[in-house]
Structure formats: C-alpha cells, structure tokens
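# Reading the structure
This is what each chain is made of:
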Amino acid sequence: MVSSLSEWFWNERLWFPEGLGWADLEDKDGRVYAKASDLWVVLPIALAFLVIRQIFERLVATPLAAVMGVKEKVRLIVSHNPTLESFYCNTTKNPSQSSIDSLCKQTGCSERQVQRWFRRRRNQDRPSLLKKFKEASWRFTFYLLAFIAGLAALIDKPWLYDFKEMWQGFPILTLLPSQYWYYMIELGFYVSLIFSVASDVKRKDFKEQMVHHMATIFLISFSWCVNYIRAGTLIMLLHDSSDYLLESAKIFIYAGWRNTSNYVFFLFAAVFIFTRLYIFPFYIIYSTYIYPMTMYSPFFGYYFLNFLMMVLQCLHIFWAILILRMAVRFLSSDEKVEDERSDKEETDESGEEEEWEEKKGAVQNGHAAHNNHRKTE
C-alpha cells in the first residue's frame, strides 16, 4: 500500500506539464537539478539553528539587552493555594463569575482575593521582557542576513527584473549553488521554528503563525521538488524584505525606545503593504497563475502551487488589517505602537491595583518607583 501511495504521489502527470517528467531532471553533462532527496539535509540544519540560537541568545542578545536598557518589571509571586492552582492548571486561567463564587466557598477567600490571585498567576506565566527581546533579536538577525544573502544571490538573475523569466525553459532549470544554500537555510530556519514552538513566546496570532510556517515549509519544499526554484527564491526574498523590520521594531519596543520603535514600525508597515499586498499578488501570483498557461496545459502541480500562494496571501491580508488598525489608532490618539500583529500575549492586562502593588514592591526592594518607561507589554 505504501509503495502504491508513493507511486501515485510522485506520478509525473501530477507535477509536470504533459510531455515532461522526472527523467528531464536527471543530472547529466555537468548540469545539476534539484531532487526531493536533497531535503533530508534540512533536518540537521534545523537542529544546528536551535543550537546556534541558544549560543546567540546567551552571548549576543543578553549583553545587547543590558546595553539597550531592557528592564524587567517587578512581578509578585502568588501565595501557594492548591485549590486555585489546580483550577488554574486543569480548568481555565480566566474563571467565570460563577467559578469565582465557587472557588471563594472552597478556599474561604473573598472574591477580590481570588481575582487578584488569578491576575497575578497569569502575570507570573507571562514571558519575561528579556525572553521576548532575545527571541526578537535572533529573528531580526536571521531575517536581515537572509535578505542580504538572497539579494546577493538574485541581483544578477534576469527573473528578478522580468518575472516571465521564471518560466523560461521550465522545468529543465539548472540548480545553482547559491540557490541550493538559500533554499536549505531558509527551509531549515522555518523547520527550527516548528521545533521551538513549545518554548517560544505564544502570541495572539499563534494559530495564524503556525499556518504561515506550515504553508511556507510546504511551499518551499514543493517548489524545490518540482523545480519551481526561481519562483521560490523570489517569494523568500520578498518575505524577508519586511520581516527584519518588524523584529527590529519589537527590539526597540522592549528596550523602551518609543519614538524609534514607532518610526521603524511605520517603515515596516509601508514595506509590508507594498510587498505583500501589491508585489506579491499583482506580480508574483500573476506570474505563477498566468504565464505557465501561455506555455503549457493546466496540471495538478500548477493548481497546488497557486493554492499555497493564495493561503499565504490570505494571511498577508489578515496581518495587513492588524497593521493598519495599529497605524490608525496611533495617528488618531498619539498612542505607543504595539505589535498587535504578532506580539500581544494571551494574558489579561494587569489592573490598576496590581500596577500599584508592583510599584510598592519595587520600593520595598530598594528601587525607586518612577514610571520613566512606558508600558511595552
């Protein structure tokens, strides 16, 4: 059954235009082509990224946080209460009013005490500011280097300037060393993000991020296997062009550099909207949807590629709406820009009473309770 399924899956009629197939992608005369077996190297690369990330966060990001003045808030530790802890861990972190009333009877605490306990307990589980700073620093470094490397690999390629060139000679397109490493490193990084999802900061758009990562991995892998490499390199370059700006805006937010983070955010918003809502649909998707049909009859691989492209585009629209909402709110009220797109954690905001308690705790610990740094979480 497995062999039959494999034979069906790799049927060349699914992935290639009529008259072309896997035999056309066999290495010969010194010409090398992409192969599905090449993708096994992605796993050790992903594991290497996990190790490099730990080293980077310890030796680079942590000292950088100290230099930029990243400061942690004082967080009060909740008193041990087995009943409340069991409810928090096994039922919900946000109890309803009826649940609070029941817990009050079980513990002998007042309603206010139970509410305060859950609020502080949720706060206790929040990722620290340093953790978020280190994660943003790591992603900023990768996206920036990936964008520079991708631009260097494509700057002299004709399909960077004329998208019709993506399909000239398809699928018999020779694999270049720069394309090989660009693909393997990008794919290895996204696989490493899947591996580290349990320890990374869980954000409001966690589900959308996971769909994005999975769609990206499928798109990169699929484009590699059927030699859509020229289109794949353009898509990766386009995405990397704005991602490092978002991560740099986060870095400045966590460091409390409000004005700098706002300027970088608006630059990111402009680049994101231009690349994801203009270049991607009207040039990249247009070239993958229209140009192949001028040379070949429709085939399954053609439809599957464009389906994955549309999944990415739907996510682009979703994030663009969040970005525009942030921009409009900031322009209308002069508020601090917060990363509603991907950096708002799934925890309740602390109430005024807890903020006062934190200030009091800071004074008791020997620190002045001046509010020189605006809230960034």
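Now for a quick tour of the structure. (Residues numbered from 1 in each chain as written. Predicted model: local features only at pLDDT ≥ 70, side-chain atom pairs only at ≥ 80, totals over all residues. Heavy atoms only, no water.)

## Some words on the environment of Val 197
Spelled out, the test is: Helix and strand assignments follow DSSP, with helices taken as H or I runs no shorter than four residues and strands as E runs no shorter than two, numbered in order from the N terminus. We call a residue buried when its accessible area falls under 20% of the maximum for its residue type, exposed when it is over 50%, and partly exposed in between, using a 1.4 Å probe and counting protein chains only.
When you line up the elements, Val 197 lands in the loop between α8 (177-195) and α9 (206-225). Residue Val 197 is classed as partly exposed on the basis of its relative accessible area, which comes to 28%. Linking Val 197 and Met 210, residues 13 residues apart in sequence, is a C-alpha distance of 8.8 Å.

## Some words on the nonpolar core
The criterion, for reference: To define a nonpolar core, start from buried Ala, Val, Leu, Ile, Met, Phe, Trp, Tyr and Cys residues and group those joined through side-chain atoms within 4.5 Å. Whether two residues are in contact is decided by their heavy atoms, any of which lying within 4.5 Å being enough.
Of all hydrophobic cores here, the largest spans 77 residues; its most connected members are Met 184, Trp 224, Tyr 228, Phe 280, Ile 284 and Met 309. Mapped onto this core, the elements with two or more residues apiece are α2 (12-15), α3 (42-68), α7 (129-154), α8, α9, α10 (229-255), α11 (258-289) and α12 (300-333). Among the elements that make up this core, the one with the highest residue count is α12 (twelve residues). Every residue in contact with Met 184, bar those within four places of it in the chain, is listed here: Asp 38, Leu 39, Val 41, Val 42, Ile 45 and Trp 224.

## Looking at the environment of Ile 253
In this fold, Ile 253 is placed in helix α10. Assessed through its relative accessible area of 8%, Ile 253 is described here as buried. Separated by 120 residues in the primary sequence, Ile 253 and Phe 133 place their C-alpha atoms 9.0 Å from one another.

## Section: a nonpolar patch on the surface
What counts, and what does not: Every patch collects residues that have over 30% relative accessible area and no salt bridge, joining them within 9 Å if they carry like charges and within 5 Å if they are nonpolar side chains (Val, Leu, Ile, Met, Phe, Trp, Tyr). Every accessible area reported is derived by Shrake-Rupley at a probe size of 1.4 Å, with residue values counting cover from the shown protein chains alone. Between Lys or Arg on one side and Asp or Glu on the other, a salt bridge is scored when a side-chain nitrogen of the former is within 4 Å of a carboxyl oxygen of the latter.
Taken together, Leu 5, Trp 8, Phe 9 and Trp 10 make up a surface patch of nonpolar side chains, about 440 Å² in accessible area. Turning to its location among the elements, Trp 10 is positioned in the loop between α1 (2-9) and α2.

## Points about helix α5 (residues 97-107)
Filter applied, for reference: Each direction from the helix axis to a C-beta atom contributes to the arc, which is the arc of those directions.
Taken as a whole, α5 has its buried residues at Ser 99, Ile 100, Leu 103 and Cys 104. One side of α5 holds all its buried residues, which, seen down the axis, span an arc of 145 degrees. Exposed side chains of α5 directed beyond 90 degrees from the buried face belong to Ser 98, Lys 105 and Gln 106. Tucked inside the fold, the buried residues of α5 contact α4 (82-90) and α6 (111-125). Once α5 finishes, Gly 108 follows within two positions and takes phi at roughly 80 degrees, a positive value.

None of this, on its own, says anything about what the molecule does.
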